[in-house]
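Structural characterization, general
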Amino acid sequence: MYLCENFLRMKKHFPLIVKISLIAVYLIFLAGSVVRMTGSGMGCPDWPKCFGEYVPPTSEAQLPDNYQDFFRTQRLKKTERFVSLLKLVGLEGQANKIEATSEDNYTHDFNVTKAYVEYINRLWGAVTGIIVFLCFLLSFKYLRSNRRVFIYTTLGFIAVFLNALLGAVVVNSNLIGGIVTAHFIAAFASICFFILARHYVSPFDQGSLNKQSKILALLLMVVISIQVILGAELREVFDMISGTLSFGEKSNNLYPTFQIHGVVGLLTFTLVIFQSIKLIKSSLTSKYALYIAILSASQLLFGPLALVDTFASISKLFHISIGAGIFVLQFYICTTLIRVKNKT
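Here is a short report on the structure shown in this document. (Residues numbered from 1 in each chain as written. Predicted model: local features only at pLDDT ≥ 70, side-chain atom pairs only at ≥ 80, totals over all residues. Heavy atoms only, no water.)

1. Describing the pattern of salt bridges
Per the counting criterion, the structure on display carries two salt bridges. The salt bridge involving E118 is made with R122; its shortest N-O contact spans 3.0 Å. In this pair, E118 and R122 are both assigned in helix α5 (residues 112-138), four residues apart and thus about one turn of the helix distant. Looking at R122, the relative accessible area reads 15%, which means it is buried. (Salt bridge = Lys/Arg side-chain N within 4 Å of Asp/Glu carboxyl O. Helix = DSSP H or I, 4+ residues; strand = E, 2+ residues; numbered from the N terminus. Buried < 20%, exposed > 50% of the residue type's maximum accessible area, 1.4 Å probe, protein only.)

2. Some points on helix α12 (residues 312-335)
Compared with the 34 Å implied by 1.5 Å per residue over 24 residues, the 34 Å span of α12 between its first and last C-alpha is a close match. Counting buried residues along α12, 18 of its 24 residues qualify, which places the element largely inside the surrounding structure. (Expected span 1.5 Å × (residues − 1).)

3. Here's the deal with unusual backbone geometry
Omega for the peptide link from W47 to P48 comes to 5°, which places this bond in the cis form. Within the fold, P48 resides in the loop between α2 (14-38) and α3 (67-88). Going from Y255 to P256, the amide bond is cis rather than trans, its omega being 0°. Looking at the element boundaries, P256 is found in the loop between α9 (247-253) and α10 (257-278).

4. Observations regarding the environment of R148
Mapped onto the elements, R148 comes out in helix α6 (residues 147-172). Of the residues examined, R148 reaches a relative accessible area of 46% and is grouped as partly exposed. Between the C-alpha atom of R148 and that of Y200, which follows or precedes it by 52 residues, the distance is 6.8 Å.

5. A look at the packing of α2 against α5
The interhelical angle for the contact between α2 and α5, taken along N-to-C directions, is 160°, at an axis separation of 9 Å. The angle between α2 and α5 places the two elements in the roughly antiparallel class. Here α2 runs over α5; the crossing is left-handed. (Axes fitted to C-alpha atoms, helices over the stretch in contact; angles between N-to-C directions. Parallel < 35°, antiparallel > 145°, perpendicular 65-115°, else oblique. Left-handed = near helix turned anticlockwise from the far one by under 90°.)

As structure tokens, then:
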């Protein structure tokens, strides 16, 4: 009875829970950036455990002598099951790609720092899962009165759940390209759904955007989305390049994706500046447009630095998280274009 009363009381705070869910999912991007910066994607060779334990060991001496072969064998068995599932649903091309590369990808040696970076990333993912599940339960309040709130919250919860499953596949396939990108896109999708849920339960300040500003905002959202997809594709190719290559050699090896990504980045920055000028000052959307302009300028710096070995780690940390921030802020601006009659 006490728990039911508390649960009913929490329903009043649903808009706050949605905000917390948004922050939690965005922090997954930050955690993922740290994982990428430190090269800890395979810090734990198994999932959901880490080196067979719920809490990673602190020393290689705590592991059996043949641990590398053991975890590699376990991963390959899981990969075989996943390949069979892909073939069953008709994804023969992706299945063959994973099957062809799985034998060549060996389980990484134990590294206590990488193990705990990946472990903390997973812990935060679990905490986020609990938060969004609570948000999903509370959304049932709106099932009849404001169905869109329930629908978008449910879709956000499903996206987070799928992201967790893809995280397991990423580990079991040893960071196979395509799977990593899907893992990345699922996180973006979950944020979009929770932003929409937040808007429908408590509409954002819609300001007074004219027709030209609305078209510009939507066009910029499309360009940013294309840039995100290009960036994900570029990241996969980049991860296969040797760190011993020079800036020019890396640039040539990444042709034409790197060059297209750069051109689209400049186009994005141009549209962002134009948007920040066109939006009416003093409104919240104009402030967000200014933030986007500042973040976009920093992206033009951090992006190319990834090809310079000295700054590659810093670039990986900021480039992904800042890019996610730009996407979220622009999606917020576009969401304000949706007129909502508050039914709550």
